[in-house]
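Reading the structure
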Amino acid sequence: MDAVKEPLCDSFGRKITYLRVSVTDRCNHRCTYCAPLGENHKTRAEILSFDEIARVVGRMAERGITKVRLTGGEPLVRKNVVELVGMLSGIKGIEDLSMTTNASLLSRFARALKENGLKRLNISLDTLKEDVFRSVSGGGELRPVLEGIEAAIREGLVPIKLNCVLLRGINEDELADIIDYASERDMTVRFIELMPMSDGLDWKNHFVSIEDILKREDIRKRVDVYAPPEKDRMAAYSLPLKSGKGKAGFISPMSNRFCHACNRMRLTSDGKLRSCLPADMDVDLRPALRPAGDDSELISLITKAVAIKPEMGVYTFTGEGRERSMIHIGG
Ligand code: SAM
């Protein structure tokens with residue numbers, strides 16, 4: 001029988017069950033709110049290998065991690081990422097393996113992802129207008145993204161959640177259309193408040209709160225808006241659509257902090273285990289991975305990273321950029 005191992009628990013009693021793994025800090029899009037103005041990628045040698053990622057996930061799964069989401073950068077630009085999906089889906093204890101992607105390469109990979117054990121996808125979609133898409137994504141094309149979504153549906157990588165970052169003056173006028181698009185495909189669209197994570201977009205001028213969105217007539221025409229009970233008023237909640245198909249989710253990392261319920265850690269592509277999205281506090285796991293040290297050193301670094309998880313994360317943004325923008329941390 002396996003020895004029972006202490007579950008990962010931070011110093012405020014929060015149980016850690018969810019790990020986001022950034023497999024690369026590179027992306028084929030340059031979304032203004034996510035990527036910094038200058039390029040500063042990690043070198044190939046700095047990035048964790050698949051074996052190293054699997055080792056970290058394995059040790060954390062033994063300590064109670066059940067949910068893993070692959071992200072980036074864009075996870076599908078990492079060479080052979082499908083192989084990593086296969087490795088992680090075979091790890092005992094991992095019940096929910098998913099990916100966040102911009103979907104631009106999904107038509108090519110959807111089947112292999114499914115075959116290798118990926119359960120479901122979150123897909124970024126901020127706009128349905130080609131010109132707006134090009135400008136928000138730094139030159140990306142909308143058509144392959146929409147084709148990627150259809151491929152994911154065909155392959156059964158469901159339920160699909162669309163991530164739509166609310167951007168004042170950019171996509172505010174399209175939210176109802178995006179709800180209709182999601183509803184027609186029985187998907188959930190999640191509207192996300194803009195976080196000040198990159199110097200590529202002026203946060204103050206583009207922030208819109210979820211509260212403001214929920215007051216809008218075009219949204220209320222489509223969404224069964226009600227105030228969720230206190231206990232459910234966390235970062236994210238989903239409301240049914242009046243059409244009867246699909247849902248709308250609302251994520252308010254800025255206006256309604258939910259740190260008390262945070263159960264997640266993030267592994268950056270260069271091996272830093274980060275306990276809080278806005279707090280620049282992380283523990284470098286590479287000393288225990290290179291050369292492959294013994295597991296006790298790795299476990300002690302993991303425990304240390306969990307122990308320093310702050311009670312609350314505070315966003316500080318000077319407008320001068322951050323050492324780690326979202327593209328580097330993994331959203
Ligand atoms: N490349 C993939 C993609 O586009 O979905 C995965 C990585 S991306 C960093 C993950 C998610 O983070 C996306 O859904 C994106 O919209 C969200 N994101 C990035 N920067 C953000 C910000 N400043 N505020 C809110 N959400 C952000």
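Our subject in this report is the structure included herewith. (Residues numbered from 1 in each chain as written. Predicted model: local features only at pLDDT ≥ 70, side-chain atom pairs only at ≥ 80, totals over all residues. Heavy atoms only, no water.)

1. Looking at the pattern of salt bridges
Applying the stated criterion across every chain, the model contains 23 salt bridges. A salt bridge links lysine 5 to glutamate 62; the nearest nitrogen and oxygen atoms lie 3.3 Å apart. On the criterion of sequence distance, the pair formed by lysine 5 in the segment before β1 (18–22) and glutamate 62 in helix α1 (residues 50–62) is long-range, its members being 57 residues apart. Residues aspartate 280 and arginine 274 are paired through a salt bridge, measuring 2.8 Å at the closest nitrogen-oxygen approach. Linked by salt bridges that have partners in common, Lys5, Arg55, Arg59, Glu62 and Asp295 make up one network. (Salt bridge = Lys/Arg side-chain N within 4 Å of Asp/Glu carboxyl O. Helix = DSSP H or I, 4+ residues; strand = E, 2+ residues; numbered from the N terminus.)

2. Overview of the environment of valine 81
Within the fold, valine 81 resides in helix α2 (residues 81–89). The class for valine 81 is buried, based on a relative accessible area of 2%. Measuring from C-alpha to C-alpha, the distance between valine 81 and leucine 70 comes to 9.6 Å, with 11 residues separating the pair along the chain. What valine 81 contacts, discounting residues up to four positions off in sequence, is Val23, Phe50, Pro75 and Leu76. (Buried < 20%, exposed > 50% of the residue type's maximum accessible area, 1.4 Å probe, protein only. Contact = heavy atoms within 4.5 Å.)

3. Quick look at unusual backbone geometry
The omega torsion of the bond from valine 158 to proline 159 falls at 0 degrees, within 30 degrees of zero and hence cis. By secondary structure assignment, the location of proline 159 is in the loop between α5 (142–155) and β5 (161–165). Look at alanine 103: it is not a glycine, yet its phi comes out positive at around 70 degrees. Mapped onto the elements, alanine 103 comes out in the loop between β3 (96–101) and α3 (106–115). Residue classification places alanine 103 among the buried residues on the basis of a relative accessible area of 0%. Look at aspartate 186: it is not a glycine, yet its phi comes out positive at around 55 degrees. Topologically, aspartate 186 is positioned in the loop between α6 (175–184) and β6 (188–192).

4. Concerning the nonpolar core
The nonpolar side chains of a soluble globular protein tend to be buried, and buried together. In terms of nonpolar packing, the biggest core is built from 77 residues, with Leu88, Leu162, Phe250 and Leu285 touching the most fellow members. The greatest single-element share of this core, amounting to 7 residues, is contributed by α1. If we skip the residues at most four places from it in the chain, leucine 285 touches Val56, Leu267, Gly271, Leu273, Leu298, Leu301 and Ile302. Within the second largest apolar cluster, 18 residues are counted, among which are Tyr33, Val132, Phe207 and Leu277. (Core = buried A, V, L, I, M, F, W, Y, C linked by side-chain atoms within 4.5 Å.)

5. Considerations on the packing of α3 against α5
Between α3 and α5, whose axes approach to 8 Å, the crossing angle comes to 20 degrees. With respect to α5, the axis of α3 lies roughly parallel. For the crossing formed where α3 meets α5, the hand is right-handed. Mapping the contact onto sequence places Leu106, Ser107, Ala110, Arg111 and Lys114 in α3 and Pro144, Glu147, Gly148, Ala151, Ala152 and Glu155 in α5. Residues belonging to the contact of α3 with α5 are distributed by class as follows: 5 nonpolar, 2 polar and 4 charged. (Axes fitted to C-alpha atoms, helices over the stretch in contact; angles between N-to-C directions. Parallel < 35°, antiparallel > 145°, perpendicular 65-115°, else oblique. Left-handed = near helix turned anticlockwise from the far one by under 90°. Nonpolar A, V, L, I, M, F, W, Y, C, P; charged D, E, K, R; others polar.)

6. Looking at the site of the ligand
Neighbouring the ligand are 19 residues; Tyr33, Gly73, Ser124, Asn163 and Met195 lie closest to it. Interatomic distance of 3.3 Å between a backbone N/O atom of threonine 101 and an oxygen atom of the ligand. Taking methionine 195, its main chain carries an N or O atom lying 2.8 Å from a nitrogen atom of the ligand. Burial of the ligand by the protein chains amounts to 95% of its free accessible area of 550 Å². Broken down by class, the residue content of the shell around the ligand amounts to 8 nonpolar, 9 polar and 2 charged. (Near = heavy atom within 4 Å. Polar contact = N/O pair within 3.5 Å; in protein donor to acceptor, adjacent residues only side chain to side chain. Areas by Shrake-Rupley, 256 points an atom, 1.4 Å probe, with all protein chains shown as cover.)

7. As for helix α11 (residues 295–307)
Between its first and last C-alpha, α11 extends 18 Å over 13 residues, near the 18 Å set by a 1.5 Å rise per residue. Where α11 is concerned, the buried positions are Leu298, Ile299, Leu301, Ile302, Ala305 and Val306. When α11 is viewed along its axis, its buried side chains cluster within an angular range of 160 degrees and face the same direction. Against the buried residues of α11 lie α1, β9 (264–267), β10 (272–274), β11 (282–284) and α10 (286–289). (Expected span 1.5 Å × (residues − 1). Arc of directions from axis to C-beta.)

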